[in-house]
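# Coordinate analysis (summary)
Here are the chains, one letter per residue:
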Amino acid sequence: MINTIEKLGAYNVWANETLLAHLDSLVAQGATLPAGGMRIYSHALNAQSIWLARLTNTASPVKVWQEHDLAGLHHWHEQTSERFHQYTQQADETELNRLITYTNSAGDGFTSQVSDILTHMPIHGNYHRGQVAKELRAAGLEPINTDFITYCRELSAKAAAADVPTL
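Residues numbered from 1 in each chain as written. Predicted model: local features only at pLDDT ≥ 70, side-chain atom pairs only at ≥ 80, totals over all residues. Heavy atoms only, no water.

### Comments concerning the nonpolar core
Quick note on the threshold: Put simply, buried Ala, Val, Leu, Ile, Met, Phe, Trp, Tyr and Cys residues joined by side-chain atoms within 4.5 Å make one nonpolar core. Exposure classes here rest on a 1.4 Å probe applied to the protein chains alone. A residue is buried below 20% of its type maximum, exposed above 50%, and partly exposed in between. Secondary structure elements follow DSSP: runs of H or I no shorter than four residues count as helices, runs of E no shorter than two count as strands, and numbering proceeds from the N terminus. When checking whether two residues touch, look at their non-hydrogen atoms; a contact exists if any pair is within 4.5 Å.
Counting residues in hydrophobic clusters, the biggest one holds 19 residues, and the most contacted among them are Leu23, Leu33, Tyr41, Leu70, Leu73 and Leu136. Counting only elements with at least two residues in this core, the list comes to α1 (4-28), α2 (35-56), α3 (70-90) and α5 (114-138). Ranked by residues supplied to this core, first place goes to α2 with six residues. In this structure leucine 136 touches His22, Leu23, Leu26, Leu33, Pro34, Leu141 and Pro143, once residues within four positions along its chain are discounted. Counting 15 residues, the second largest nonpolar core, distinct from the first, contains Ile5, Ala47, Ala91 and Leu96.

Next comes the structure, spelled out in structure tokens:
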């Protein structure tokens, strides 16, 4: 049986790494990254940290709209993306069904099921990576494809080349 939540967790790591490598490449070519794109991507990585803190009942080290430079984006990706993926791998049925109560950045209280949060996180990241792509294009820079199906195609190609099954 395919564990879709785990696959989305792995995809999220790949998509963040792909976008960060692209941003690094643009900077190495002398480009100035658009401030709006940096703000949006900061938010996406901050949200990962915030959701992980909620899931583990710990304090978040970042604010939802805290802005980071490229080195900061790398830092928060390294602190959160793989950790989120590991969470998706380790979550059993009891954890997936667990309800957590939290307060959002606007001060509103909510209760959500862990499986919904684990599904939301990569979707939220993907939404904002798409906005970053739009910001790059508006600044005259070529965006990079971080679509889920592109990840799946790369995964399938690697598995076929190695003659092993995919995730």
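That covers the picture; the talk isn't over yet.
### Focus on unusual backbone geometry
The backbone of asparagine 57 sits at a positive phi, close to 55°, despite the residue not being glycine. If you trace the backbone, asparagine 57 turns up in the loop between α2 and α3.

### Quick notes on the pairing of strand β1 (residues 99-103)
Under the convention used in this document: Note on pairing: two strands pair once DSSP finds at least 2 bridges between them.
A one-sided burial pattern is seen for β1, the buried positions being Ile100 and Tyr102 and the unburied ones Leu99, Thr101 and Thr103. Relative to strand β2 (residues 109-113), β1 is paired through five bridges, and the arrangement is antiparallel. Across the sheet, leucine 99 pairs through a bridge with glutamine 113, a residue of β2. What sits between the antiparallel neighbours β1 and β2 is a turn of five residues, in which glycine 107 has the positive phi angle 90°.

### Considering the packing of aromatic side chains
Aromatic rings considered in pairs are described by the distance between their centres and by the relative angle of their planes. The test is simple: The pairing test for Phe, Tyr and Trp rings, Trp by its six-membered ring, is centres within 6.5 Å, and the orientation test on the planes gives stacked under 30 degrees, edge-to-face over 60, and tilted for anything in between. Here, a charge over a ring is recorded when the distance from Lys NZ or Arg CZ to the ring centre is within 6 Å and its angle to the ring normal is within 35 degrees.
The final tally for this structure, using the stated rule, is seven aromatic pairs. Taking the centre distance of 5.2 Å and the plane angle of 85° together, the rings of tyrosine 11 and phenylalanine 148 count as edge-to-face. Highlighted residues: tyrosine 11 in helix α1 and phenylalanine 148 in helix α6 (residues 148-162), separated in sequence by 137 residues. The class for phenylalanine 148 is partly exposed, based on a relative accessible area of 31%. An aromatic cluster is defined as three or more aromatic residues linked by ring pairs; in this entry it consists of Tyr11, Trp14, Phe148 and Tyr151. Positioned above the aromatic ring of tryptophan 51, the side-chain terminus of arginine 54 is 4.4 Å from the ring centre.

### Some points on the side chain of threonine 18
To be explicit about the condition: The term polar contact refers here to a pair of N or O atoms within 3.5 Å; inside protein, the definition further demands a hydrogen-donor-capable atom paired with an acceptor-capable atom, and it admits residues adjacent in sequence only when both atoms are side-chain atoms.
Checked against the element boundaries, threonine 18 lands in helix α1. The class for threonine 18 is buried, based on a relative accessible area of 18%. Separated by 2.8 Å, the side chain of threonine 18 and the backbone oxygen of tryptophan 14 make a polar contact. With near-sequence residues (within four places) excluded, threonine 18 lies in contact with Ile144, Asn145 and Thr146.

### Some thoughts on the packing of α1 against α6
Just so we agree on the cut-off: An axis is simply a line fitted to the C-alpha atoms; with a helix, the fit covers only the stretch in contact. Between two such axes, the angle follows the N-to-C directions and lies from 0 to 180 degrees. Just so you know how the angles are binned, under 35 degrees is roughly parallel, over 145 roughly antiparallel, 65 to 115 roughly perpendicular, and the rest oblique. The residue classification treats Ala, Val, Leu, Ile, Met, Phe, Trp, Tyr, Cys and Pro as nonpolar and Asp, Glu, Lys and Arg as charged. All others, Gly included, are polar.
In the contact formed by α1 and α6, the axes pass within 10 Å of each other and the chain directions differ by 95°. With respect to their mutual orientation, α1 and α6 come out roughly perpendicular. Between α1, through Lys7, Leu8, Ala10, Tyr11 and Trp14, and α6, the contact on the second element is made entirely by Phe148, Thr150, Tyr151, Cys152, Glu154 and Leu155. Counted by class, the contact of α1 with α6 contains eight nonpolar, one polar and two charged residues.

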